[in-house]
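So the chains spell out like this:
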Amino acid sequence: MASARGSRMRYGIVRMALVLLTIVMLPSAYLARPVRAETDDSGQWAATSDTFAPQDFRAAPYLGNGRIGTMLPPSGGGYQGYGDDVRTAFPLQEPRYTGTYLAGFYARSQLSWNNTQVIAALPAWSGFTVEAAGQAYRPDTDPATVRDYRQTMDFRAAKATTLATWTPDADHPVELTYETFVSRARPDLAVQKVTVRPHFSGPLTVTDLIDRAAARRASVITAAADPGLGRTVVGVRADGTDDTAYLVSAVDAPAGAAGSALPGGDGIAYTLDVRDGGSYGFVKYVGISSDDYGPDPRAAATAAAEAGRAAGFDAVGTEHVAAWDALWRPAIRIAGRDDYGRWVRTALYSVLASVRAGDRWSVQPAGLSSDDYGGLTFWDAETWIFPTLLALYPELARTVVEFRVAALPAAQANAHAYGLPGALYPWDEGPGQRCASPAVCGLVEEHLHNEIVLAQWQYYLATGDEQWLRADGAPVIAAIADYLTARVGPKLPDGKYHYAPVGGADEYVATSVDNALTNGGVMNTMRIARRAAQLAGLPVDPRWADIEANMAMPPDIVPGVPAEYLGYAGAPIKQADTVLLSYPFSYAGQGYSPVDTLHYYFDRTDPGGPNMSNSVGAILSAQYDPCRTQEFLDQGAQPYVRPPYGFQSEARGDRSGANAQGQSAWIFVTGSAGFLQGLLYGPTGLRWTDSGPRLDPMLPSGFRDGMTVRGLAVGDGRLTVRIEKSTTTVTVTDGGPVTLETPLGRKTIGKGDELRLPTRPSC
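Calculation notes
- Residues numbered from 1 in each chain as written.
- Predicted model: local features only at pLDDT ≥ 70, side-chain atom pairs only at ≥ 80, totals over all residues.
- Heavy atoms only, no water.
- Domains from an automatic or database assignment.
- Contact = heavy atoms within 4.5 Å.
- Buried area = accessible area lost by both parts, 1.4 Å probe.
- Salt bridge = Lys/Arg side-chain N within 4 Å of Asp/Glu carboxyl O.
- Polar contact = N/O pair within 3.5 Å; in protein donor to acceptor, adjacent residues only side chain to side chain.
- Helix = DSSP H or I, 4+ residues; strand = E, 2+ residues; numbered from the N terminus.
- Pairing = 2+ DSSP bridges.
- Axes fitted to C-alpha atoms, helices over the stretch in contact; angles between N-to-C directions.
- pLDDT = per-residue confidence, 0-100.
- UniProt positions renumbered as here; feature names shortened; annotations may be inferred.
- Core = buried A, V, L, I, M, F, W, Y, C linked by side-chain atoms within 4.5 Å.
- Buried < 20%, exposed > 50% of the residue type's maximum accessible area, 1.4 Å probe, protein only.
- Phe/Tyr/Trp six-rings, centres within 6.5 Å; stacked < 30°, edge-to-face > 60°.
- Arc of directions from axis to C-beta.

For the protein, an unreviewed UniProt entry supplies the name Haloacid dehalogenase and the organism Nocardia arthritidis.

As structure tokens, then:
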């Protein structure tokens, strides 16, 4: 206890000295109507590449079910490395490759001073190599030997199909079809089928390979192949841990195919005599599991593979598509805008492929598509991804808030290492949520804590789940409030609480004093903490109200616009920072002007920074400056979408900002979710308020034929919001009744009723 008190005293003296030194040196009528039937538009659900480009890392479909994520090379399967010139983002900055990742499977590896874990990559499960005439079709096949190539990413079915005619020599042309998916219905199963149509007669070999070359930060501990069972097993251990994962492949091969184990035990080669014009199908069912999902991951992976093989390709594929059909019921549709239709579907697919209801993991900046950002959890989850999930998929949004709930003991241990109470969550870390070093962990972008609290509270507001709040959400909120109370206290002689040192969201500034976003967020946290504690029957610290009332804010840099931090003089900023006071927070300090703050800071935001900033610009402009909404919405997708499949990059160029370490992330789930958030919360005016969900619709100028949000989740109800030029129609399609705050006042509507609201003009 004496040591803890001494630590707190030393920390408080240093913090107060920093604040005082900085201050001295430097000069806030609805009607019941029948429901119109909703039908899904056909749209463009698939994207296609007609060019075999094995060295283009963007020509790689992303398949995921929220637990397993994998990238397929242009060849259709296996492992593809892209060389030293194409590298990942901070903190790894390593050569890119087509990886497979299992949620929760992490190595112990201190990448920097602020983390202890990094996601491990598994061996590549999708390798079906075809051999003829002494040559092999695989990811590094010579493009000159490939014609009639076509690879299609079907987002609706979450399936990749690759067609190619491969000609190893003039006498041995082979038509190949690869069909690949990661089952949404069976969380630990991945499936691939290759159909071979030779235009020759003679021997041909198809090899099922689990390629250990794809593993990163994991070592193979076992590899065994049994041709009699048609089964291959590969096990790996995450570096620096005792955690293991297993991949088990069970193959259905054509009659007459003779199997032999590969020398390394990581695959089986099937040889058969083929006839010109014949068709030969091979199907692999790959079970993938780790210690995170049970005490015997090898047995679990084996059971998944064998159950898939017993059911068969058609049955497993049908249930997979049905599971995705259920996910596609919510929708954002913009009439007459095919470009938005493509952007929305690809963005939503990127998010959905990276999260799974019932699992205990959050969502990383690149989802499960790569090891960009090391697979670490950042503020991206709460601020940019969670709101999109909350509006359409609250059952998926719950994984984000539950991740922080599960990590509360680790966060409390982090704070204790500082000699402080409450819970300290690290800025960038894996599932363990441990601070690598207490000396610096709490000094990096601590606005994260306010965003964690806001997400916990918004989940309660959106779902009305009081039991969850009492048991899970409120303890996290109160623990963070306790930590921040110690972090900002005591009051200084000016009668204010100050935050120093602190790093804001603008990463062009490493540390500062009294970052406006952080301090304004602390006020919001203290307000939420009091309310949540009262509802949950937890103690209410009287200092929370005092901090809310007396938290310092930097002086205005121009009237109505707080400086980003104490001493800010108008320099360019990397990404949205101070504007976040208005959204997702609802800061309303004396003299504060949301519209002037919007204009001031977006005029100084680096267009080469990460792509999520435009989404908050769309949301704020829809409320305060509607003429600019369409501009922000367009900029939230168009500059970042890349061919051939339309996934989003983190930045317009190769780097996300002037100080970026490594190349920009790909596929950037944060940006995709941000773009969707702009569409969900901007035109609808949706906000989760203490008095209930609020709608205040407007129609962006580029959506002349209107837009529809279908499946908006409010409490136990589902809404369809149809925004047209002069009138917005809100319909309860499931559950209800639903009560909304609207421009016409507080309204309650039941299932089958329609509420008509005025649509605000864009200009």
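Moving on from the coordinates now.
(A) Spatial organisation of the domain arrangement of the protein. By domain assignment, the protein separates into domain 1 (46-328) and domain 2 (393-572). Using C-alpha coordinates to define each centre, domain 1 is positioned 42 Å away from domain 2. Facing the 13 residues of domain 1 at the interface are 16 residues of domain 2. Between domain 1 and domain 2 lies a buried interface of about 1100 Å² when both sides are counted; carbon and sulfur atoms form 48% of it. Inspection of the domain 1/domain 2 interface yields zero salt bridges. Inspection of the domain 1/domain 2 interface yields five residue pairs in polar contact (both at pLDDT 80 or more). Take the side of domain 1 that touches domain 2: its biggest share by element is three residues, from strand S4 (residues 100-108).

(B) Broad picture of the sheet that holds strand S10 (residues 174-182). Strand order in the open sheet made by the nine strands is S1-S8-S9-S10-S11-S18-S15-S14-S13, with antiparallel pairing throughout. Sheet topology places strand S1 (46-49) and strand S13 (218-226) at the edges, where each strand pairs with a single neighbour. This sheet shows a mean twist of 15° between the axes of neighbouring strands, independent of strand direction. Bridge count between S1 and strand S8 (residues 146-154): four bridges; the pairing is antiparallel. In the sheet register, Ala46 faces S8, and the bridge partner there is Asp154. Helix H2 (residues 297-311) contacts strand S11 (189-198), S13, strand S14 (231-238), strand S15 (244-252) and strand S18 (280-290) of the sheet and is inclined by roughly 25° relative to S15. Sitting on the sheet, helix H3 (residues 313-327) touches S10, S11 and S18, and the angle it makes with S10 is about 50°.

(C) Local environment of the sheet that holds strand S19 (residues 331-334). The strand order across the open sheet formed by five strands is S19-S26-S27-S28-S31, and the pairing between neighbours is antiparallel. At either margin of the open sheet sits one strand with a lone partner, and together these are S19 and strand S31 (754-758). Direction aside, the axes of adjacent strands within the sheet are offset by 20° on average. Here seven bridges tie strand S26 (residues 707-714) to strand S27 (residues 717-723), and the two strands are oriented antiparallel to one another. Bridge pairing in S27 places Val714 opposite Gly717.

(D) Here's a closer look at the confidence of the model for the protein. Model confidence for the protein is summarised by a mean pLDDT of 93, while 94% of its residues fall at 70 or above. The low-confidence segment residues 1-42 (pLDDT under 50) makes 78 contacts with residues lying over four places distant or belonging to another chain.

(E) Seen up close, the pattern of salt bridges. Taken as a whole and assessed by the stated rule, the structure comprises 31 salt bridges. Arg470 is the partner of Glu466 in a salt bridge, and the nearest nitrogen-oxygen pair spans 3.8 Å. Linking Glu466 with Arg470, this pair stays in helix H9 (residues 466-488), spanning four residues, or about one helical turn. A single network of salt bridges, built from pairs that share partners, joins Glu94, Arg217 and Asp371.

(F) Molecular detail of the UniProt feature "domain: Glycoside hydrolase family 65 C-terminal" (unreviewed entry) in the protein. UniProt tags residues 686-741 as "domain: Glycoside hydrolase family 65 C-terminal" (unreviewed entry). Secondary structure across residues 686-741 divides into 0% helix and 59% strand, with the first and last C-alpha atoms of the span separated by 10 Å.

(G) View of the nonpolar core. Grouped together as the largest cluster of nonpolar side chains are 188 residues, with contacts concentrated most on Tyr349 and Tyr425. Each of two domains, domain 1 (46-328) and domain 2 (393-572), supplies a minimum of three residues to this core. Ignoring sequence-local partners within four residues, the contact set of Tyr425 consists of Arg404, Ala407, Leu408, Ala411, Gln433, Leu448, His449, Ile452, Val476 and Ile480. Counting residues in each nonpolar core, the second largest holds 24 residues, with Val196, Phe200, Val251 and Ile268 among its members.

(H) Looking closely at the side chain of Gln663. Looking at the secondary structure, you find Gln663 in the loop between strand S23 (647-648) and helix H15 (669-681). From its side chain, Gln663 meets the backbone oxygen of Asp85 in a polar contact 2.9 Å long.

(I) Just the packing of aromatic side chains, in detail. A full pass over the atoms with the stated rule returns 31 aromatic pairs. Judged by centre distance (6.3 Å) and plane angle (85°), the ring pair of Phe57 and Trp666 falls under edge-to-face. Pair noted here: Phe57 is in the loop between S1 and strand S2 (62-64) and Trp666 is in the loop between S23 and H15, with a separation of 609 residues, a long-range link. Judged by relative accessible area, Trp666 falls into the buried class, the value being 3%.

(J) Broad picture of the environment of Gln135. Relative to the assigned elements, Gln135 resides in strand S7 (residues 135-137). Linking Gln135 and Thr167, residues 32 residues apart in sequence, is a C-alpha distance of 9.5 Å. Setting aside chain neighbours within four positions, we find Gln135 in contact with Val130, Trp166 and Pro168.

(K) Fine view of helix H7 (residues 408-417). Residues of H7 that are buried include every one of Leu408, Ala411, Asn414 and Ala415, and no others. Burial along H7 is one-sided: seen end-on, the buried residues are contained in an arc of 115°. Exposed residues on H7 whose side chains face more than 90 degrees from its buried face are Pro409 and His416. On its buried face, H7 sits against helix H6 (394-406) and H9.

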